[in-house]
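Examination of the molecular architecture
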Amino acid sequence: MSQWQGGLPADLPELDGSDAVVFPGFVDAHTHMMFAGNRANEFALRAEGATYQEIATQGGGILSTVRSVGLPRNGS
């Protein structure tokens, strides 16, 4: 955002979407067994420049979500 100049090109076409529904071009369609916890704090850390590895080292990352589900480990 620090590099954005705050304007749009004068020749940018305007699209009339008043009678339309707009969907994102990419949808990550996957499922989870259940939701356990959230990783909102990691979003803030990433925005501040932390790497995924740094977050994982602090106990975050995808494995923190997996641990929150509370599944038995090693078949026990």
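Residues numbered from 1 in each chain as written. Predicted model: local features only at pLDDT ≥ 70, side-chain atom pairs only at ≥ 80, totals over all residues. Heavy atoms only, no water.

**As for the overall build of the chain**
- Along the chain, the regular secondary structure elements total three helices and zero strands.
- Burial statistics for the chain: of 76 residues in total, 9% are counted as buried.
- When the accessible surface of the chain is summed, it comes to about 7,300 Å², and 58% of that surface belongs to carbon and sulfur atoms. (Helix = DSSP H or I, 4+ residues; strand = E, 2+ residues; numbered from the N terminus. Buried < 20%, exposed > 50% of the residue type's maximum accessible area, 1.4 Å probe, protein only. Areas by Shrake-Rupley, 256 points an atom, 1.4 Å probe, with all protein chains shown as cover.)

**Quick notes on the environment of asparagine 38**
- Mapped onto the fold, asparagine 38 is located in the segment before α1 (40-47).
- Exposure remark for asparagine 38: the relative accessible area of 58% places this residue in the exposed category.
- Expressed as a C-alpha distance, the spacing of asparagine 38 and threonine 65, which sit 27 residues apart in the sequence, is 7.2 Å.

**Structural notes on the side chain of serine 64**
- Along the chain, serine 64 falls in helix α3 (residues 62-69).
- One polar contact links the side chain of serine 64 to the main-chain carbonyl oxygen of glycine 61, over a distance of 2.6 Å.
- The contacts of serine 64, once residues within four sequence positions are left out, are Arg39, Glu42 and Gly59. (Polar contact = N/O pair within 3.5 Å; in protein donor to acceptor, adjacent residues only side chain to side chain. Contact = heavy atoms within 4.5 Å.)

**Overview of the side chain of glutamate 42**
- Position of glutamate 42 relative to the elements: it lies in helix α1.
- With sequence-adjacent residues up to four places away left out, glutamate 42 is seen in contact with Ile55, Gly60, Gly61 and Ser64.

**Things to note about a nonpolar patch on the surface**
- On the surface, Tyr52, Ile62, Leu63 and Val66 cluster together to form a nonpolar patch covering roughly 370 Å² of accessible area.
- With three residues, α3 is the largest single contributor of residues to the nonpolar patch.
- With respect to the helices and strands, the residue valine 66 is situated in helix α3. (Patch = residues over 30% accessible without salt bridge, like charges linked within 9 Å, V, L, I, M, F, W, Y side chains within 5 Å. Salt bridge = Lys/Arg side-chain N within 4 Å of Asp/Glu carboxyl O.)

**Some thoughts on the pattern of salt bridges**
- Scanning the entire structure with this criterion turns up one salt bridge.
- With a shortest N-O distance of 2.9 Å, glutamate 42 and arginine 39 are connected by a salt bridge.
- Taking relative accessible area as the criterion, glutamate 42 reaches 8% and is therefore assigned buried.

**Concerning the confidence of the model for the chain**
- Looking at the chain as a whole, its pLDDT mean stands at 81, while 83% of the residues score no less than 70.
- Model confidence for the chain, summarised as mean pLDDT per element, is weakest for α3 at 80 and strongest for helix α2 (residues 52-57) at 93. (pLDDT = per-residue confidence, 0-100.)

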